[in-house]
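# What the coordinates show
Read off the chains here:
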Amino acid sequence: MTIPRGHAVMLALGIVVLFDVLRVFLPSLITLFGRAGETPAELMGLYAAAWFILPFLALLAKPRHALIAGAAGLVAARLLLQAGVSQLYVSSAGVTAGLVFLYGCACAVPRRAVPVGIMGGIALSSLVHLLLDGVDLVWRAGPLSWAATLALCLALFLALLPTPPAEGAPAPARVWFLFGPTLLLAGMAATSWAKPEQGPEPLGTLALTSGLLALTLVAATAAALGPATSPLIELGLGIALVAITVVTYLPGAGVPGLSIGFLGSMLAAAGTGPAGRRQGLALLCGGLVFLVGTFAYYAAYDLDLGVPNSVVPVAVSVLVAAVAVVPRLVRDPPVELPARRRTLPAALAAALVLVPLVVVVSWQPAPAVAARRSDDLTLIAYNIRMGFGLDGRLSLDRIASWAAARRPDIVLLSEVDRGWLLNGGHDDLDRIARGLGMRHYFAPAADNVWGDALLTNLPVKSVRSYGLGRHGYPTGAQAQAAVVEVNGREVGVVNTHLQAPAGQAPEVAAIVRDLAASRPVILAGDLNITPDDPEMRVLLAAGLSDPLKTLGDPPTSPAGRPVRRIDHVLISAGLTAVSAQVPRLPYSDHLPVLTTLRLTSVDQEG
């Protein structure tokens, strides 16, 4: 028995297009439907749920009609998104269309094509995302992006046309149910592992991170091809999946997608059971697991769930292992599926091509350290809102281009996302640093991949991140304290994004006092306080001054109609502000603060 290639390719390509749409839909919930931390999570959840519940109407349609209509809607949504048309609603409708398409597939695709079609689609999408440096085609303009998008949509259309009726038994309902949980686990594991805090990464480190991820994606697809192993071996693989998922979400853990390799084996195991019925219903229910798991994990940054949000991916991995393996242990009759002898050579060939390609594309040489021979330095402080502009479009390259034109010596970023699936799985810091040609220093705050960052090519004498108390607020915060050298003198830099200002301002003030004992200090970032708030007086009492008050006191938030200044550059004695600007940029919901500072003395005494 061979795998029906036409059906497998059709399923995989449909999943690639759907994943493209999901990477637009999820961040659009935050940036266009509402504002994180201000729009109730329950309201955003209800809006998202509507588009995952609507596909259940496909239960009333003929599977072939659902397949064709869903594919047409999915392709139309993908093309409209490339054109930048009504991003929120088009991506929402595209998610519904994609699930309707998969419902049709669940009723039409034969057993042997399903595990490899699901895993192959997820793996291919993740590999392309990796090769594109996390900036998907949908966020790119120009003829090449359009040509690639049209080619993808045409390939799905061509794969759809000649697919004959399924031969042999249909796939078990449980393998279709696992699509949603597998998409969630693979989507998170492929991007949300902890990256090195200092970068760019050396070539050898990249080979052990991005290269290993590419190898894992290839291995997962090969595992999904089968054949299924014995139930006891599958039980061991299921336990390994859970264990590696636990390790992946430990603080500071840098495990790049190892759990994905076991997902292919789980799909292969689930695909060997008796066919049963209600495959389409199972697929739609699995989609709800994806939605609930995604919101449960990321809502923890705005709501107190009572448990660490790392419980969510671990619980989903337990669900995947249980659904795939337990029936095999207790009731499934044996299903004989012949081994595919060409699986290993094909997987090795793919790995030999893809792994070096991913490493080479991801690598960038470390910029040289550049000593500053002047007492003046240019500093940018910018809350980039995970890289999304007021129009909801990914703005990383526009941010980097604008900042590079200012020729800054130091760039301080807040709300830096290095891999949240909710925001599309982008490494904001790596992309901006690449555009600026700067070294970067990341300071995790909320979790391994969300926090603040300092970028500079000045000599850095020391850098350290101090965790700040939560004070009842669910999102963590930190203060990144660095010492840089400017014209042979030391300058302290404290970069922070206060989440609970009333409690955290005194903690930051203590860090400033310690750092300022023998050098001038800059405190900058999104402090979430105005110049007249009591917390500002706490910071000024630490020996800081607010130079922007005498330089126009420009508001910074919200970016569309700024009415208050909550983004600041505060300085101690020994520094003076030569100029300050707050340019009206649409690349975030905050405006950047651009200052030129002058070092006037070695110590605080002037």
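The model shown is predicted, which means the values in this text are computed figures rather than measured ones.

About the thresholds
Residues numbered from 1 in each chain as written. Predicted model: local features only at pLDDT ≥ 70, side-chain atom pairs only at ≥ 80, totals over all residues. Heavy atoms only, no water. Pairing = 2+ DSSP bridges. Helix = DSSP H or I, 4+ residues; strand = E, 2+ residues; numbered from the N terminus. Contact = heavy atoms within 4.5 Å. Axes fitted to C-alpha atoms, helices over the stretch in contact; angles between N-to-C directions. Salt bridge = Lys/Arg side-chain N within 4 Å of Asp/Glu carboxyl O. Buried < 20%, exposed > 50% of the residue type's maximum accessible area, 1.4 Å probe, protein only. Core = buried A, V, L, I, M, F, W, Y, C linked by side-chain atoms within 4.5 Å. Right-handed = clockwise from strand over helix to strand, strands pointing away.

## Brief notes about the sheet that holds strand 1 (residues 198-199)
Reading across the sheet, the 7 strands line up as 1-4-5-3-2-13-12 and stay open at both edges, with mixed pairing between neighbours. For this open sheet the edge positions go to strand 1 and strand 12 (575-581), each flanked by a neighbour on one side alone. Both strand 4 (residues 439-447) and strand 5 (residues 450-456) contribute to a ladder of 7 bridges, which runs antiparallel. Looking across to strand 5, one finds that Tyr441 is bridged to Leu454. Relative to strand 2 (residues 376-383), helix 15 (residues 396-406) is tilted by about 165°, and along the sheet it contacts strand 2 and strand 13 (593-599).

## Remarks on the pattern of salt bridges
Using the criterion set out here, one finds 17 salt bridges in the structure. As a salt-bridge pair, Arg434 and Asp430 come within 3.7 Å of each other at their nearest N and O atoms. Taken together, the residues span about one helical turn, with Arg434 and Asp430 both in helix 16 (residues 428-436) at a distance of 4 residues. For Asp430, a relative accessible area of 13% gives the class buried. The salt bridge partner of Lys461 is Glu485, with a shortest N-O separation of 3.8 Å. Taken together, the residues Lys461 in strand 6 (residues 460-468) and Glu485 in strand 7 (residues 477-486) connect sequence positions 24 residues apart. In this structure Lys461 comes out as partly exposed when scored by relative accessible area, which is 47%.

## Section: unusual backbone geometry
The omega torsion of the bond from Gly199 to Pro200 falls at 10°, within 30 degrees of zero and hence cis. As for its placement among the helices and strands, Pro200 is situated in the loop between strand 1 and helix 9 (203-224). For the peptide bond that leads from Ser557 to Pro558, omega is -10°, which places it in the cis range. With respect to the element layout, Pro558 can be found in the loop between strand 10 (544-545) and strand 11 (567-572).

## What to know about the sheet that holds strand 8 (residues 489-496)
Reading across the sheet, the 6 strands line up as 6-7-8-9-11-10 and stay open at both edges, with mixed pairing between neighbours. The open sheet is flanked by strand 6 and strand 10, the only strands paired with a single partner. In this sheet, strand 9 (residues 521-526) lies alongside strand 8 in parallel orientation, the contact comprising 4 bridges. Pairing of Val494 across the sheet is with Leu523, part of strand 9.

## A closer look at the nonpolar core
Among the nonpolar cores identified, the biggest contains 146 residues, and Phe25, Trp176 and Leu455 are the most heavily contacted of them. Sorting elements by how many residues they give to this core places helix 1 (residues 5-33) first, with 16 residues. If near-sequence neighbours (up to four positions away) are discounted, Phe25 is found in contact with Tyr47, Ala48, Trp51, Phe52, Ser91, Ser92 and Val95. Among the nonpolar cores identified, the runner-up in size contains 27 residues, and Leu379, Val493, Leu575 and Ala577 belong to it.

## So, the pairing of strand 9
Burial runs high along strand 9: 6 of the 6 residues are buried. Crossover connection from strand 8 via helix 17 (residues 501-515) to parallel strand 9: handedness right-handed. Bridging between strand 9 and strand 11 involves 5 bridges; their strand directions are antiparallel. In the sheet register, Ala524 faces strand 11, and the bridge partner there is Val569.

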